[in-house]
Amino acid sequence: MATTTHRIHNFSAGPAVLPVPVLEEAQRNLVALPGVGMSVLEISHRSKTFEDILAKTEADLRALGKVPSNYKVLFLQGGASLQFSMVPLNLLAAGATADYLVTGGWAQKAVKEAQRVGTVNIAASTESENFTRIPRQDELKLTANAAYVHITTNNTLFGTEWPSEPKVGEAPLVADTSSDMFSRPIDVSKYGLIYAGAQKNLGPSGVTLVIIREDLLARSSKSLHTMLSYAVHAENGSMYNTPPCFGIYLMGLVMKWGLAEGGLDAIGKHNERKAAKVYAEIDRSGFYRGTADKASRSRMNITFRLPSEELEKTFVKESTAAGLDGLKGHRSVGGMRASIYNAFPDEGIDALVSFMQEFEKKNG
Ligand SMILES: *Cc1c(COP(=O)(O)O)cnc(C)c1O
């Protein structure tokens, strides 16, 4: 049986590392949930047992994120990518304009789907600088009375992150938080809608979290396809059809873990410390070069380059051999990317920093 001692350092951008206590509890109870005698994979989603699992996951998620009572929490499928379509299909009425702040490849994909639905205004983009930074407030060209303003809070490919929410006036702020959800305190009341594929910070792939302010549900047109309507999913408590039962169960364990860690304040401080250690190493000597502007640096995905592509290839090969997996960067940036989500442990950070120092000694 695999134990924690066989685990290597997993820097994958997603699906990504999960808390060991979560995996252990799921493993312990996989064959039979205590007192139930069946696996969570085998029970009806209409059973009392699953209803309780769903209710507990939602309650713990609301507690962890301090989600106000006028927001619905939905557990959907189709990933963040389906939200690229559902957001405009539900919230962008004919004749209205949606503002998009384009900070990376995922934002571009969100724009592409919204353009199929209605009018999109690119209110800011840092594409001409290869997305090395987040736009400044004074660069935003927002539409008066926009249907909503869409941001990507953390840019998984480019290693940038909004340090705080932009000011967008009265328009509902819609955020793709897939890669930094619950990595720091979040003031949900600043948003109209938040969505995240679970597989980076919240659980396994296959479940998508949506948090939507209740008044926005009135925008879902009755003519929408049933499965694409937020209003339908909200009315049915995420149980219009069979929900992703195992993903919801596991997300529940991750929420319980987050509360035990001390909540988002503690998790946020821990993430700051972890990221600061790696950035300090990147900045120390000039051998490594961070690709993101300092003021826009992500605490979740740390992107950096080496003096040559040759050395980068060697770094990937040798780090992998040393048990540091998944450090090769996305092709749109090149170089390295260390994804260090909530569950990524301190030992892994220390192992990376030591490896970087050794590598520089040998090759610098
Ligand atoms: C991973 C990611 C996505 C895509 O998520 P899927 O669940 O695979 O559709 C979208 N946005 C961001 C910011 C991501 O990091």
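Not measured: the values here are computed from a predicted model.

## Some remarks on the pattern of salt bridges
- A complete count under the given rule lists 24 salt bridges for this structure.
- Measuring nitrogen to oxygen at the nearest pair gives 3.4 Å for the salt bridge that ties glutamate 165 to lysine 190. Highlighted residues: glutamate 165 in the loop between strand 7 (160-161) and strand 8 (173-176) and lysine 190 in the loop between strand 8 and strand 9 (193-197), separated in sequence by 25 residues.
- Residues glutamate 360 and arginine 284 are paired through a salt bridge, measuring 2.9 Å at the closest nitrogen-oxygen approach.

## Examining the domain arrangement of the chain
- For the chain, the assigned domains are domain 1 (26-260) and domain 2 (263-363).
- In this structure, domain 1 and domain 2 have C-alpha centres spaced 27 Å apart.
- Facing the 27 residues of domain 1 at the interface are 25 residues of domain 2.
- When the two sides are added together, the surface that domain 1 and domain 2 hide from each other amounts to roughly 2,000 Å², 51% of it contributed by carbon and sulfur.
- On the surface where domain 1 and domain 2 come into contact, there are one salt bridge.
- A salt bridge links arginine 299 to glutamate 161; the shortest N-O distance between them is 2.6 Å.
- The tally of links between domain 1 and domain 2 comes to 15 residue pairs in polar contact (both at pLDDT 80 or more).
- A total of three residues in the side of domain 1 that touches domain 2 trace back to one element, the largest contributor, which is helix 6 (residues 245-260).
- By residue class, the composition of the side of domain 1 that touches domain 2 is eleven nonpolar, eleven polar and five charged.

Rules and cut-offs
- Residues numbered from 1 in each chain as written.
- Predicted model: local features only at pLDDT ≥ 70, side-chain atom pairs only at ≥ 80, totals over all residues.
- Heavy atoms only, no water.
- Salt bridge = Lys/Arg side-chain N within 4 Å of Asp/Glu carboxyl O.
- Helix = DSSP H or I, 4+ residues; strand = E, 2+ residues; numbered from the N terminus.
- Domains from an automatic or database assignment.
- Contact = heavy atoms within 4.5 Å.
- Buried area = accessible area lost by both parts, 1.4 Å probe.
- Polar contact = N/O pair within 3.5 Å; in protein donor to acceptor, adjacent residues only side chain to side chain.
- Nonpolar A, V, L, I, M, F, W, Y, C, P; charged D, E, K, R; others polar.

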